Protein chains: 2
Amino acid sequence: MLNFDFYNPTQILFGQGQIASLANLVPAGARVMMLYGGGSIRQNGVYDEVMAALTDHKVLEFGGIEPNPSYETLVRAIAQVKAENIDFLLAVGGGSVIDGTKFVAAGAMLDDDPWSIFEQRSANIVSALPFGTVLTLPATGSEMNSGSVVTRKSTQEKRSFMSRKVFPQFSILDPSKTFSLPPRQVGNGVVDAFAHIMEQYLTYPVNAKVQDRFAEGLLLTLIEEGPQALANTDDYDVRSNVMWCATLALNGLIGAGVPHDWATHMVGHELTALYNLDHAQTLAVILPSMLRARKEEKRAKLLQYAQRVWGLAGGDEDTRIEAAIARTEEFFNKMGVGTRLGDYGLGPESIEPVIAALEAHRMTRLGEHRDVTAEVSRKVLQMSL
Amino acid sequence: MLNFDFYNPTQILFGQGQIASLANLVPAGARVMMLYGGGSIRQNGVYDEVMAALTDHKVLEFGGIEPNPSYETLVRAIAQVKAENIDFLLAVGGGSVIDGTKFVAAGAMLDDDPWSIFEQRSANIVSALPFGTVLTLPATGSEMNSGSVVTRKSTQEKRSFMSRKVFPQFSILDPSKTFSLPPRQVGNGVVDAFAHIMEQYLTYPVNAKVQDRFAEGLLLTLIEEGPQALANTDDYDVRSNVMWCATLALNGLIGAGVPHDWATHMVGHELTALYNLDHAQTLAVILPSMLRARKEEKRAKLLQYAQRVWGLAGGDEDTRIEAAIARTEEFFNKMGVGTRLGDYGLGPESIEPVIAALEAHRMTRLGEHRDVTAEVSRKVLQMSL
């Protein structure tokens, strides 16, 4: 096991009816900004429940945070936070709203242009506004971690930052609020969580038995429950298991003391920035090819994955590995998420712009061995056509 | 899944060399009391490493906290904390030292007799001194939870409290510091962690798939690594896996959203208080009989345990269940912890005093269904002779 430093102070209130707890969780007397995305929270009852819980609070609203939240939108929120002396933020939505809120929480304390957070690799975040979240879409894990991804539309850049100052103080997870999600978001969410686990699990062995077992437990649960979540939109237990899986997939726990990959994510970010694919779509396209391309480096863990997650024990090693990757692709397809660039209308001409972007963003030494060069990424994209 | 409220802000620094981090973790200018047990930390190098890290701090020592830390000892520490204006505590040791430190941290803020914490079920804990820990014995999980058990020698009472005010701010876990533990403490630690998991896992199904998989992952790891820890005293990876298992066994995670039992612990506490058995010895004695006595109520989870943890799939249900319980006993014995009252010189005459103590402490509606009456406990003890 590698040395690690694990810290996660976010309080999770999980279950039906928990939104009412906001009345006590948000500090009395706080000037609250509630941040959200499109109009879905007005249709699924979440908006009304949140407002009912906060009748004794002063609440200002900031809607319109888009998927892949944009710098351009978020700086407007920061200006409003400053102008209105907001001292508590409440993110109500999915990972994009929460990521955006983290950027606002940190950016509101800076005098500089908040884009400096990326340029200074978070070193200029010395404090952040406190905030909580009400999660409506299980996927990114942002509700219980300190990471955030923001897109600058004007330059087509998708950048990320991490800071222990931007852990949510609390997150409310009510699985019944996910019943009304469209299938595409359910499928994307499951694929996103699955890929998060794989980025921390499918590297090389360091004899971290608990982390491996936990990662495998999450993968098995997503494989069992993901298709059920699509088939039965109002099964509370299924939605509960998916929701808790997605949180635990990226709250730091399974990644503590093990190597990380994240090459799939970095290539995927460029696909989203350039071609507007959903985040999960990019992961479904890249991950299987990345595993095939890195088969030798990942052999031991691929065999473990084949056996413990897919029950593939017989046959020669390469056959088991290929079968496990094929099962992974089948699973993504079953979740309604295509695994080829062609599924999204992208052909060979789409590849070089991605490589150019990776090079521009210095993403040319990726993966757990830092050997996923631009050339390897090109090969992976070609394998994903 | 049941509704839950999960919160755990303890920072974990894991790995060799982490004790040096104390220099930055303990607030500059703090007046520190370092609490510890017997002399083992002076022999295994921990004392020297801690002191080397804290050369810039004012450190007062309080040694002699005993296994099953006593109220009588801890009130002396509280008096000293008050007299010396201590504002940070550092527990260096195992679960007993850490439990004792939690009692000191909370008790130091009270004007009343700190025993009132138990009588008021922690309601009078409105603040506590901040503290960190350096763990030397993987077992109780106290390094990453908010619970504490204290024994009042004069009345032979073993009582517990929980409060979110007494989470350690940080805990340092260096597996290499466990190499020098005597086999009895290694075995006890593994059995203690195993029993903690079972109390939260082996109840009845609520379709909490992640929690079940995580619990099973921890049990499997302890079964694989426990005997290795006894056989190879300086295998860093093995000690790492055992140490992280013990922490995760009782940090709130696997218990979130599922029913809890704890009847084995409550009966076990009385055995320790009356006959001075080690805590883990009492668990090894009671747990198997408790599982047998509650076979019908626990049937579904016993079958799941038999299959997923012990790989027992064939034969009729009752055979599988009995085999799984027998394997559990074998495992405890392999860890050097006897599973019969007779192993500790206790005969039938030992039972009624335990029942009387359970009744005196109102421990007569135990277990996940609150139906482990004094009569059931008597039966369990008889089965454990």
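What counts, and at which threshold
- Residues numbered from 1 in each chain as written.
- Chains lettered and ligands numbered in written order.
- Predicted model: local features only at pLDDT ≥ 70, side-chain atom pairs only at ≥ 80, totals over all residues.
- Heavy atoms only, no water.
- Domains from an automatic or database assignment.
- Contact = heavy atoms within 4.5 Å.
- Buried area = accessible area lost by both parts, 1.4 Å probe.
- Salt bridge = Lys/Arg side-chain N within 4 Å of Asp/Glu carboxyl O.
- Polar contact = N/O pair within 3.5 Å; in protein donor to acceptor, adjacent residues only side chain to side chain.
- Least-squares fit on C-alpha atoms with pLDDT ≥ 70 in both.
- 1 Å grid on protein atoms, 1.4 Å probe; cavity = no way out; pocket = protein on both sides within 12 Å on 5 of 7 lines; lining within 4 Å.
- Points joined across faces, edges and corners; volume = space filled by probe spheres on them.
- Nonpolar A, V, L, I, M, F, W, Y, C, P; charged D, E, K, R; others polar.
- UniProt positions renumbered as here; feature names shortened; annotations may be inferred.
- Helix = DSSP H or I, 4+ residues; strand = E, 2+ residues; numbered from the N terminus.
- Phe/Tyr/Trp six-rings, centres within 6.5 Å; stacked < 30°, edge-to-face > 60°.
- Buried < 20%, exposed > 50% of the residue type's maximum accessible area, 1.4 Å probe, protein only.
- Axes fitted to C-alpha atoms, helices over the stretch in contact; angles between N-to-C directions.
- Parallel < 35°, antiparallel > 145°, perpendicular 65-115°, else oblique.
- Pairing = 2+ DSSP bridges.
- Expected span 1.5 Å × (residues − 1).
- Arc of directions from axis to C-beta.

A.B. asks: Hey, could you run me through the domain arrangement of chain A in this one?
C.D. replies: How big an interface is tends to be stated in terms of accessible area lost as the parts join. All names here are of chain A. Per the domain assignment, the segments of chain A are domain 1 (11-177) and domain 2 (183-383). At the interface, 22 residues of domain 1 touch 21 residues of domain 2. Both sides of the domain 1 and domain 2 interface together cover about 2,000 Å² of buried area, and 64% of this is carbon and sulfur. Linking domain 1 with domain 2 are 0 salt bridges. In this structure, the connection of domain 1 to domain 2 is made through 3 residue pairs in polar contact (both at pLDDT 80 or more).

A.B. asks: What am I meant to see in the relation of the copies chain A and chain B here?
C.D. replies: What connects the two chain copies is a rotation about an axis and a shift along it. Overlaying chain A with chain B gives an RMSD of 0.0 Å, the required rotation being 180° about an axis along which the chain moves by 0.0 Å. The superposition operator between the copies reduces to a two-fold rotation axis. Distance from the rotation axis, computed per C-alpha, reaches its smallest value in chain A at proline 9 of chain A: 2.0 Å.

A.B. asks: Could you clarify how one ought to interpret empty space enclosed by the protein in this entry?
C.D. replies: Leftover empty space is mapped by rolling, across the atoms, a probe with the size of a water molecule. For the coordinates displayed, the defined rule picks out 7 cavities of 30 Å³ or more. Quantified by volume, the largest cavity comes out at close to 80 Å³. In terms of lining residues, the largest cavity is bounded by Phe6, Asn8, Met144, Leu248, Asn251 and Leu253 of chain A together with Phe6, Asn8, Met144, Leu248, Asn251 and Leu253 of chain B. By residue class, the composition of the lining of the largest cavity is 8 nonpolar, 4 polar and no charged. The space that makes up the second largest cavity amounts to roughly 60 Å³. Taken together, 14 residues make up the lining of the second largest cavity; nearest its centre are Gln200, Tyr201, Asp212, Val258 and Lys301 of chain A.

A.B. asks: Mind showing me how you'd approach the UniProt feature "domain: Alcohol dehydrogenase iron-type/glycerol dehydrogenase GldA" (unreviewed entry) in chain A here?
C.D. replies: Those residues carrying the UniProt feature "domain: Alcohol dehydrogenase iron-type/glycerol dehydrogenase GldA" (unreviewed entry) are residues 9-175 of chain A in this numbering. From the first C-alpha to the last, residues 9-175 of chain A spans 22 Å; its make-up is 28% helix and 25% strand.

A.B. asks: Sorry if this is basic, but what is going on with the packing of aromatic side chains here?
C.D. replies: Centre-to-centre distance and the angle between the planes together describe a pair of aromatic rings. Scanning all chains against the criterion turns up 35 aromatic pairs over all chains. An angle of 5° between the planes, with centres 3.8 Å apart, marks the rings of phenylalanine 214 of chain A and phenylalanine 214 of chain B as stacked. Within this pair, whereas phenylalanine 214 of chain A is found in helix α8 (residues 209-231), its partner phenylalanine 214 of chain B is found in helix α8 (residues 209-231), the two belonging to separate chains. Across this residue pair, the class does not change: phenylalanine 214 of chain A and phenylalanine 214 of chain B are buried.

A.B. asks: Help me understand the interface of chain A and chain B, please; the structure alone is not making it clear to me.
C.D. replies: Contact residues are listed per partner, giving 40 residues for chain A and 40 residues for chain B. Summed over both sides, the interface of chain A with chain B buries roughly 3,600 Å², with 56% coming from carbon and sulfur. Here chain A and chain B share 6 salt bridges between them. Between the two partners, chain A and chain B, sit 24 residue pairs in polar contact (both at pLDDT 80 or more). Where the side of chain A that touches chain B is concerned, the elements lending two or more residues are β1 (4-6), β2 (11-14), α8 and α9 (236-249) of chain A.

A.B. asks: What exactly am I supposed to notice about the environment of threonine 101 of chain B here?
C.D. replies: All names here are of chain B. Mapped onto the fold, threonine 101 is located in helix α5 (residues 95-107). For threonine 101 and glycine 367, which are 266 residues apart along the polypeptide, the C-alpha to C-alpha distance reads 28 Å. Filtering out sequence-adjacent residues up to four positions away, threonine 101 remains in contact with Leu35, Leu89, Ala91 and Phe131. A polar atom in the side chain of threonine 101 sits 2.8 Å from the backbone oxygen of valine 97.

A.B. asks: In this structure, what is going on with the packing of helix α7 (residues 183-201) of chain A against helix α10 (residues 263-275) of chain A? I would like to understand it.
C.D. replies: The description of two helices packed together rests on the angle between their axes and the distance between the axes. Residue and element names in this part refer to chain A. Between α7 and α10, whose axes approach to 9 Å, the crossing angle comes to 135°. Here α7 is positioned oblique relative to α10, judged by the angle of their axes. From α7, Asp192, Ala195, His196 and Glu199 reach across to α10, where they touch Ala263, Thr264 and His265.

A.B. asks: What should I look at first to understand the UniProt feature "domain: Fe-containing alcohol dehydrogenase-like C-terminal" (unreviewed entry) in chain A in this one?
C.D. replies: Within this structure's numbering, the places UniProt gives as "domain: Fe-containing alcohol dehydrogenase-like C-terminal" (unreviewed entry) are residues 189-361 of chain A. Helix makes up 67% of residues 189-361 of chain A and strand 0%, with an end-to-end C-alpha separation of 26 Å.

A.B. asks: For this particular structure, what's the right way to read the sheet that holds strand β3 (residues 31-36) of chain B?
C.D. replies: By definition, the strands of a sheet pair up through backbone hydrogen bonds, in either a parallel or an antiparallel sense. If you trace the 7 strands from one edge of the open sheet to the other, you get β1(A)-β2(B)-β9(B)-β6(B)-β5(B)-β3(B)-β4(B), paired in mixed fashion. With one partner strand each, in any of the chains shown, β1 of chain A together with β4 (58-62) of chain B form the two edges of the open sheet. Within this sheet the neighbouring strands show an average axis-to-axis angle of 15°, counted without direction. Inspection of the sheet shows β3 of chain B paired to β4 of chain B by 5 bridges, in the parallel sense. Among the inter-strand pairings, methionine 33 of chain B is bridged to a residue of β4 of chain B, identified as leucine 60 of chain B. Packing against the sheet, helix α4 (residues 71-83) of chain B makes contact with β3, β4 and β5 (88-93) of chain B, and its axis sits at approximately 155° to β4 of chain B.

A.B. asks: What am I meant to see in the pattern of salt bridges here?
C.D. replies: Here the idea is simple: oppositely charged side chains can pair when their charged atoms come close. In the structure shown here, the tally under the stated rule is 50 salt bridges over all chains. Between arginine 31 of chain A and glutamate 84 of chain A there is a salt bridge, with the nearest N and O atoms lying 3.6 Å from each other. One end of the pair, arginine 31 of chain A, is in strand β3 (residues 31-35); the other, glutamate 84 of chain A, is in the loop between α4 (71-83) and β5 (88-93), with 53 residues separating them in the sequence. According to the relative accessible area criterion, arginine 31 of chain A is partly exposed, its value standing at 29%. In this structure, glutamate 61 of chain B and arginine 42 of chain B form a salt bridge, with 3.2 Å as the shortest nitrogen-oxygen distance. Taken together, the positions of glutamate 61 of chain B in strand β4 and arginine 42 of chain B in helix α2 (residues 40-43) put the pair 19 residues apart, joining distant regions of the chain.

A.B. asks: Help me understand α4 of chain A, please; the structure alone is not making it clear to me.
C.D. replies: Counting along an α-helix, one turn takes 3.6 residues, and residues three or four places apart therefore face a common direction. Residues and elements named next belong to chain A. Over its 13 residues, α4 extends 18 Å from the first C-alpha to the last, a length consistent with the 18 Å expected when each residue adds 1.5 Å. Residues Tyr71, Thr73, Leu74, Ala77, Ile78 and Val81 constitute the buried set of α4. Across the axial projection of α4, the buried residues extend over an arc of 155°, all falling on one side. A positive phi of about 55° marks asparagine 85, the residue just after α4.

A.B. asks: Could you clarify how one ought to interpret the pairing of β5 of chain A in this entry?
C.D. replies: Residues and elements named next belong to chain A. Burial analysis of β5 places 6 of its 6 residues in the buried class, the great majority of the element. Here β5 shows no split at all, with Phe88, Leu90 and Val92 on one side and Leu89, Ala91 and Gly93 on the other all buried. In the sheet, β3 pairs with β5 via 4 bridges, with the strands oriented parallel. Bridged to methionine 33 within β5 is leucine 89. Sheet topology places β5 next to strand β6 (residues 131-135); 5 bridges connect them, and they run parallel. Bridged to glycine 93 within β6 is leucine 135.

A.B. asks: What exactly am I supposed to notice about the sheet that holds strand β4 (residues 58-62) of chain A here?
C.D. replies: Strand order in the open sheet made by the 7 strands is β4(A)-β3(A)-β5(A)-β6(A)-β9(A)-β2(A)-β1(B), with mixed pairing throughout. At either end of the open sheet lies a strand with only one pairing partner, and these are β4 of chain A together with β1 (4-6) of chain B. Within the sheet, the average angular offset between the axes of one strand and its neighbour, ignoring direction, is 15°. Where β2 of chain A and strand β9 (residues 170-173) of chain A come together, 4 bridges link them in parallel fashion. Directly across from isoleucine 12 of chain A, in β9 of chain A, lies its bridge partner serine 171 of chain A. With respect to the sheet, α4 of chain A is in contact with β3, β4 and β5 of chain A, its orientation differing from that of β4 of chain A by roughly 155°. Lying over the sheet, α9 of chain A contacts β2, β6 and β9 of chain A together with β1 of chain B, oriented at roughly 170° with respect to β2 of chain A.

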